[in-house]
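Summary of structural features
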Amino acid sequence: MENLYNTSPADLLHEVLQDIGPALDRRSQERLKAGIESLLAENRDLAARAARSEEEVSEALRESEERYRSFVENFQGIAFQADLAFTPIFLHGAVEAITGYTEEAFMKGKVRWSAIIHPEDRPAVSGLAKRVAASEPGVVIEREYRIVRKDGEIRWIRELVHTVERGPRRERRVQGSLYDVTDYKRAEERLRESEATARALLNAPTDTIALLDTAGRLLDVNDAVIRRFSRSREELIGMNISEVFPPTVTEVHAARLRKVAESGAPVRFEEVWEGRWYDTVLYPVRDAHGAVTRIAVIARDITGMKQAEDALRRRTHDLDERVKELSCLYAISRIVEQPGVSLDRILQEAALALPQGWQYPDDTVVRITVHGRKFETEGFRETPWRQVSPVLVDRNPVGMVEVRYLHRRPEEDEGPFLREERSLLDTVASRLGEAIERLQAVENLRRSEEKFREIAQRSFDMIYTCYHEGGIAYISPAVIRILGYTPAELIGSRCRDFVSSSSLPAWEEGQKKIARGEPVEGLEIEFYRKDGSAAFVELNESPIVREQAVIGVHVVGRDITERKQYERLRQQAFEQIERNIEQFAVLGDHIRQPLQVILGTADLSVEGAATAKIREQVDRINGYIRELDRGWIESRQVREFLRKHELA
């Protein structure tokens, strides 16, 4: 303390101001400066009064020293003086409050200041200490570093240090001050983080964001603005909107800025600039007194959205038109597919349904002409604005479909008509042609079925259709004569159920051929009649194929029962002929031998008259035998004839 008082108050005050000034805020610096200037003024006053009274000067010095001492004692930092090795000579201030250690601990060497410096900062602080020791007197060096308090808490220290020369020998010492700037560093860090966050939030959107004063001068901008105007932030800051936008745009923007500033309400609007759409919001920013001093401008490029909206609008319109066309096409399909509907009704209802498929249905009229007959909507008349599509049946034109507008409409793909309307018209004309073909085919089929049914009903043969899934679907009335069943009794039955066991192998073989899609001809099958008797039927079968799969069979069956019986009788007759021929040959031999014996015996033992009688009878018997021989020959000839002509 004695060393401190060896220096004059004015010099010490100047040294303190140099040491602590950079660590204080402006207000504290001003107050300190005012205090120093006040003390200096008092010293000057004391010096002026010294000539008048040494006692007055001494009293004034004491008062001045007391003020200085009060200032030092209330000093919130640490004032120190040390040798060039930084061994403390003087240490005063908020030592314990900042470090947790007492002044005595440092002064007696129990704790060295270098020991509480944060390990990471020690190299830098040590190097700076050497630089301080080598510096010229009065050159203030500032350094910041961290210390570790006695309780382990880490605090930031700002140190202002310089060298001085004291005493007659001009001994060099180091003196300075230290301040705890932890709160300031933390606030500074939070401010940096806050600014970085704000800047990141400002630059994150693709929107252009700018801060203007009420006169239209740029105060801050984000990166999107920089990219938009191809200028740096430094160039843009301070520019007026009149320097950025053309005069016509500037006038509009200035009026909007005035409106926001005067009303205090945000303004939102859409505008087009340089061929692009922007959605812009002007938002007022108020000061502490509620006055609008700044205006935030947020402009979003909505060109893509506008284009998308236009495209969506066009697409929606197109989709609406397509829905109308599909509804029209559905209506035509529903009309065409009505069961039992006549061609006239189809054409008339189609004409009434068509206008709904065109852009202007209330102005659309239709006429359909087929085979010279016309079907029109109400109010139809011929106009220059028309679409026509031919109606083709079997590739031959039989009529046409006309669609006309009664009044002029904007030009489209085909006059006032859309390309899709042309496609719809062609589709409808095609559907009508197909409907006509179908109705003609149905009519032809009906006639064909009538003819077939008439033939089948009158046919001597049994005709039937049998499906794998449903059994017999149709069988002609001839089944009554052949099998004794009525057609109604056999519908849904399986043919196999009426086949005799002896014919099943042949039946199964025929079914295999049908399954392969092959026809079967001349298949002779024995069926059971309703009365239990047998009937032979010759079958000719054709497979029913749909989508490359056999689903059933068409059969024509002819009753060959009598033929089979005749063949059986004929076979029996041939067998009898064979037996007769054999008997004739045997009988002739058996009779001739006894006759020869009788004739020889008669010649030896009987008189002439008796012999003659016996010979007469023998000749008579020989005549019969010759007749038998002739019959045998004829029988063989008959057999050979029959065999020759395949009758046997």
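Note that the coordinates shown come from a computational prediction; the quantities given were computed from them, not determined experimentally.

Moving on: the overall build of the protein. When helices and strands are counted, the protein shows 20 helices and 19 strands. Buried residues in the protein amount to 37% of all 648 residues. Surface summary for the protein: the accessible area is close to 39,000 Å², and the carbon and sulfur share equals 52%.

Using the criterion set out here, one finds seven aromatic pairs in the structure. Seen in terms of ring centroids, Phe229 and Phe245 are 5.8 Å apart; in terms of plane orientation they differ by 85°. Their pairing is edge-to-face. Taken together, the residues Phe229 in helix α10 (residues 223-229) and Phe245 in the loop between α11 (233-236) and α12 (247-263) connect sequence positions 16 residues apart. Of the residues examined, Phe229 reaches a relative accessible area of 22% and is grouped as partly exposed. Among the residues examined, Phe245 registers a relative accessible area of 18% and is labelled buried. On the numbers, 6.5 Å between centres and 85° between planes, the contact of Trp507 with Phe527 is edge-to-face. Of this pair, Trp507 sits in helix α18 (residues 504-515) while Phe527 is found in strand β17 (residues 520-528), placing the two residues 20 residues apart along the sequence. The pair Trp507 / Phe527 is uniform in exposure class, with both members buried. Members of the aromatic cluster, joined through ring pairs, are Tyr101, Phe106 and Trp113.

Below, the discussion takes up the nonpolar core. Ranked by size, the top nonpolar core spans 32 residues in total, and within it Ile332, Leu354, Trp358, Val366, Ile368, Val401 and Leu432 carry the most contacts. A total of seven residues in this core trace back to one element, the largest contributor, which is helix α15 (residues 419-458). Look past the residues within four positions of Ile332 in its chain and what remains in contact with it is Ala350, Ala353 and Val428. Of all hydrophobic cores here, the second largest spans 25 residues; its members include Leu490, Ile514, Val520 and Ala535.

Read from one edge to the other, the open sheet built from four strands follows the order β12-β11-β14-β13, with strand pairing classed as antiparallel. In the strand order of this sheet, the two ends are held by β12 (373-376) and β13 (386-393), each with one partner. Across this sheet, the average inter-strand angle for adjacent strands is 15°, counted without regard to direction. With four bridges connecting them, strand β11 (residues 364-370) and β12 associate as antiparallel partners. By the bridge assignment for β12, Ile368 is matched with Phe375.

Per the counting criterion, the structure on display carries 36 salt bridges. We note a salt bridge from Glu402 to Arg404, for which the minimum N-O separation is 2.9 Å. A residue is classified by how much of its surface remains accessible, and Glu402, at 1% relative accessible area, is buried.

The subject of this paragraph is α12. Taking 1.5 Å per residue as the helical rise, α12 with its 17 residues ought to reach 24 Å, and the 24 Å between its terminal C-alpha atoms agrees with that figure. Turning to α12, the residues buried within the fold contact β6 (208-213), β8 (267-273), β9 (276-286) and β10 (292-301). Residue Gly264 follows α12 closely and has a positive phi angle near 75°.

Take the pairing of strand β3 (residues 141-148) next. Sheet topology places β3 next to strand β4 (residues 154-166); eight bridges connect them, and they run antiparallel. The residue bridging Arg146 from the neighbouring strand is Trp156, located in β4. Hairpin connection from β3 to β4: five residues lie between these consecutive antiparallel strands, with Gly152 at a positive phi of about 90°.

One non-glycine residue with positive phi stands out, namely Arg395, at about 70°. Within the fold, Arg395 resides in the loop between β13 and β14 (396-405). Residue Arg395 is classed as exposed on the basis of its relative accessible area of 79%. Positioned with a positive phi, Glu547 is a non-glycine residue whose angle comes to about 50°. The residue Glu547 is located in the loop between β18 (534-546) and β19 (549-559) in this model.

A separate point is the pairing of strand β7 (residues 218-221). As defined by bridge partners, β6 adjoins β7 across three bridges and the pair is classed as antiparallel. Following the sheet pairing, Ala210 is matched in β7 by Val221. Linking β6 back to β7 in an antiparallel pair, the connection comprises four residues, with Gly216 at a positive phi of about 95°.

Looking now at the environment of Gly372. Inspection of the secondary structure puts Gly372 in the loop between β11 and β12. What makes Gly372 exposed here is its relative accessible area of 64%. Between the alpha carbons of Gly372 and Met400 there is a distance of 9.8 Å; along the sequence they are 28 residues apart.

What follows is about helix α14 (residues 343-353). Turning to α14, its buried residues number three or more, namely Ile346, Leu347, Ala350, Ala351 and Ala353. An end-on view of α14 places all buried positions within 165° of arc, on one side of the element.

Low-pLDDT portions of the prediction should not be read for the details of their coordinates. Per-residue confidence for the protein gives a mean pLDDT of 79; residues scoring 70 or more make up 74%. Of all secondary-structure elements in the protein, the lowest mean pLDDT belongs to helix α1 (residues 2-5), at 43, while β11 reaches the highest, 93. Counting interchain partners and residues more than four positions distant, the pLDDT-below-50 stretch residues 1-5 has eight contacts.

What follows concerns the side chain of Thr163. Within the secondary structure layout, Thr163 lies in strand β4. Here the side chain of Thr163 touches Arg172 through a polar contact of 3.1 Å, side chain to side chain. When residues no more than four places from it in sequence are discounted, the contact partners of Thr163 are Val132, Ala133, Ser135, Glu136, Pro137, Gly138, Arg172, Arg173 and Val174.

Moving on, we come to the sheet that holds strand β2 (residues 88-93). Taken in spatial order, the five strands line up as β2-β1-β5-β4-β3 in an open sheet, and their pairing is antiparallel. Both edges of this open sheet fall to β2 and β3, since each of them pairs with a single strand only. Each neighbouring strand pair of the sheet contributes to a mean axis angle of 25°, computed without reference to strand direction.

Mapped onto the elements of the fold, Glu437 is located in helix α15. Residues Glu437 and Leu392, spaced 45 residues apart in sequence, show a C-alpha to C-alpha distance of 9.0 Å. Contact partners of Glu437, with chain neighbours within four places excluded, come to Leu392, Val393, Asp394 and Arg395. There is a polar contact of 2.6 Å between the side chain of Glu437 and the backbone nitrogen of Asp394.

Parameters and conventions
- Residues numbered from 1 in each chain as written.
- Predicted model: local features only at pLDDT ≥ 70, side-chain atom pairs only at ≥ 80, totals over all residues.
- Heavy atoms only, no water.
- Helix = DSSP H or I, 4+ residues; strand = E, 2+ residues; numbered from the N terminus.
- Buried < 20%, exposed > 50% of the residue type's maximum accessible area, 1.4 Å probe, protein only.
- Areas by Shrake-Rupley, 256 points an atom, 1.4 Å probe, with all protein chains shown as cover.
- Phe/Tyr/Trp six-rings, centres within 6.5 Å; stacked < 30°, edge-to-face > 60°.
- Core = buried A, V, L, I, M, F, W, Y, C linked by side-chain atoms within 4.5 Å.
- Contact = heavy atoms within 4.5 Å.
- Pairing = 2+ DSSP bridges.
- Axes fitted to C-alpha atoms, helices over the stretch in contact; angles between N-to-C directions.
- Salt bridge = Lys/Arg side-chain N within 4 Å of Asp/Glu carboxyl O.
- Expected span 1.5 Å × (residues − 1).
- Arc of directions from axis to C-beta.
- pLDDT = per-residue confidence, 0-100.
- Polar contact = N/O pair within 3.5 Å; in protein donor to acceptor, adjacent residues only side chain to side chain.

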